[in-house]
Amino acid sequence: MWCSRMALRRIQRVAAVPLTGLTSGALRKMSTLQRVYVTRQIPPEGLRILRESGRVTVDLWDSDDVPVPREELLQRVKGVDGLVCVLTEKIDAELLDAAGPNLKVVSTMSVGFDHLSLQELKKRRIRVGYTPDVLTDSVAELTVALLLTTSRRLIEATHEAKTGGWGTWRTLWLCGHELANSTVGILGLGRIGVAIAERLVPFKVKKFIYADVAPRPELAALIGAEYVSFDQLAERSDFLAVCCALTPETKEICNKSLFSKMKDTSIFINTSRGGVVNQEHLYEALLTGQIAGAGLDVTVPEPLPTDHPLFTLKNCVILPHIASASYTTRNAMSALAANNLLLGLKGEPMVKELQM
């Protein structure tokens, strides 16, 4: 398993070989290799690509359990040509100043990029790679699983079975809400939103609706979805899945105004970014029965403190940001991040480059 536990502060030189016995020619070649820092023990496929490229030497924060400490990160990036990061690392002016003028490429192993200071990167003409598309299937699967877990109250049911609550058969005990003949709303219709809808079709969903900054007719046609206003999305959805990116415009867009318009039988699901939801307003909506339930794979902060009020609610299912957590997807993300980095360092078009 690639996520094996290792000493947290052991920094491994991944691409390097022992210097003993190397010829002077080999040493000269190594001195011309570009330097790359990887901020996490990423899955093996990406490390293999970097290691076998023959173009870079790689320093690695050799842990998948704990992020690299900020001070350590600021030291390690000094003079690097490329940086591979994940969403736990804030790539801002402070870090870019610490890295210095050699830094040409930042490649993030994520589809989201709210941890990147795009303005600072653009100002320094640093290219940015990211990893969309490859996680679409995994995120869509998890979203459907979370929706069903929440709507059919599976966590509650498991708890009752384990703790002796399973008594005689009762007519309305642990009843939930079916997808059949329902209206499913999608906030932010992109690749993932379409993939979610495609997986829900066999459940006999009656109608798909979506809200976005503008109509997306080509994507909507794939699932027969109707474009509606933000308010209509709230009012009509039996299940509302949030799939939008976190931007200044979408920050806390899911707030008491939205929840107040939703049905008291509706289920709210968020697998996008925690920042699009006002969690205090969500808590009140769940506590008062304004909506029936919520399933969250993302929160603010992450990890969410164990004493957070949302954890006290039976009608709120919270997962630790695992939507893309399949072996296939994480290795694909790692490989894409590595290839983006190498192509960027060569001055060639990346497989997936963020246009700024």
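Residues numbered from 1 in each chain as written. Predicted model: local features only at pLDDT ≥ 70, side-chain atom pairs only at ≥ 80, totals over all residues. Heavy atoms only, no water.

Draft legend 1. The sheet that holds strand β12 (residues 293–296), seen in detail. Spatial strand order, β9-β8-β7-β10-β11-β12-β13: 7 strands in an open sheet with parallel pairing. The sheet terminates laterally at β9 (226–227) and β13 (316–318), the two strands that pair on one side only. Two strands pair when backbone bridges link them, and strand β10 (residues 239–242) and strand β11 (residues 267–270) are joined in this way by 4 bridges, in the parallel orientation. In the strand pairing of β11, Ala 241 is matched with Ile 269. (Pairing = 2+ DSSP bridges. Helix = DSSP H or I, 4+ residues; strand = E, 2+ residues; numbered from the N terminus.)

Draft legend 2. Structural detail: the nonpolar core. With 28 residues, the main nonpolar core has Phe 259, Phe 268, Leu 282 and Leu 310 as its most contacted residues. For this core, the secondary-structure elements that each account for two or more residues are β8 (207–211), α10 (230–236), β10, α11 (256–261), α12 (279–287), β12 and β13. Take this core: its biggest share by element is 4 residues, from α12. (Core = buried A, V, L, I, M, F, W, Y, C linked by side-chain atoms within 4.5 Å. Buried < 20%, exposed > 50% of the residue type's maximum accessible area, 1.4 Å probe, protein only.)

Draft legend 3. The pairing of β8, seen in detail. With 4 of 5 residues buried, β8 is to be regarded as a mostly interior element. Inspection of the sheet shows strand β7 (residues 183–187) paired to β8 by 5 bridges, in the parallel sense. Looking across to β8, one finds that Leu 187 is bridged to Ala 211. The handedness of the β7 to β8 crossover, carried by helix α8 (residues 191–200), is right-handed. Looking at chain direction, β8 and β9 are connected through 2 bridges and run parallel. (Right-handed = clockwise from strand over helix to strand, strands pointing away.)

Draft legend 4. Layout of the pairing of strand β2 (residues 34–38). β2 sits mainly inside the fold: 4 of its 5 residues count as buried. Relative to strand β3 (residues 56–61), β2 runs parallel, the two sharing 5 bridges. Note that in β3 the partner of Gln 34 across the bridge is Val 56. Taken together, β2, helix α2 (residues 44–52) and β3 form a β-α-β motif whose crossover is right-handed. Sheet analysis places β2 next to strand β4 (residues 82–85), joined by 3 bridges and oriented parallel. Residue pairing for β4: Tyr 37 is matched across the bridge by Leu 83.

Draft legend 5. Quick look at the packing of α2 against helix α13 (residues 327–345). Running from N to C, α2 and α13 point in directions that differ by 25°, and their axes come no closer than 6 Å. Looking at the two axes, α2 sits roughly parallel to α13. Between α2 and α13, the residues in contact are Pro 44, Glu 45, Gly 46, Leu 47, Ile 49 and Leu 50 and Asn 331, Ser 334, Ala 335, Ala 338, Asn 339, Leu 341 and Leu 342, respectively. When grouped by side-chain class, the residues that make up the contact of α2 with α13 number 8 nonpolar, 4 polar and 1 charged. (Axes fitted to C-alpha atoms, helices over the stretch in contact; angles between N-to-C directions. Parallel < 35°, antiparallel > 145°, perpendicular 65-115°, else oblique. Contact = heavy atoms within 4.5 Å. Nonpolar A, V, L, I, M, F, W, Y, C, P; charged D, E, K, R; others polar.)

Draft legend 6. Expanded view of the UniProt feature "domain: D-isomer specific 2-hydroxyacid dehydrogenase NAD-binding" (unreviewed entry) in the chain. Mapped onto the present numbering, the UniProt feature "domain: D-isomer specific 2-hydroxyacid dehydrogenase NAD-binding" (unreviewed entry) falls at residues 144–323. A helix fraction of 32% and a strand fraction of 15% characterise residues 144–323, whose end C-alpha atoms lie 10 Å from each other. (UniProt positions renumbered as here; feature names shortened; annotations may be inferred.)

Draft legend 7. Geometry of the UniProt feature "domain: D-isomer specific 2-hydroxyacid dehydrogenase catalytic" (unreviewed entry) in the chain. The feature "domain: D-isomer specific 2-hydroxyacid dehydrogenase catalytic" (unreviewed entry), as given by UniProt, occupies residues 36–352 in the numbering adopted here. When the span residues 36–352 is considered, its composition is 36% helix and 15% strand, and the gap between its end C-alpha atoms is 19 Å.

Draft legend 8. Spatial organisation of unusual backbone geometry. In this structure, Pro 301 follows Val 300 across a cis peptide bond, with omega equal to -5°. Within the secondary structure layout, Pro 301 lies in the loop between β12 and β13. In this structure, Pro 303 follows Glu 302 across a cis peptide bond, with omega equal to 0°. With respect to the helices and strands, the residue Pro 303 is situated in the loop between β12 and β13. Unlike most non-glycine residues, Arg 153 shows phi in positive territory, near 60°.

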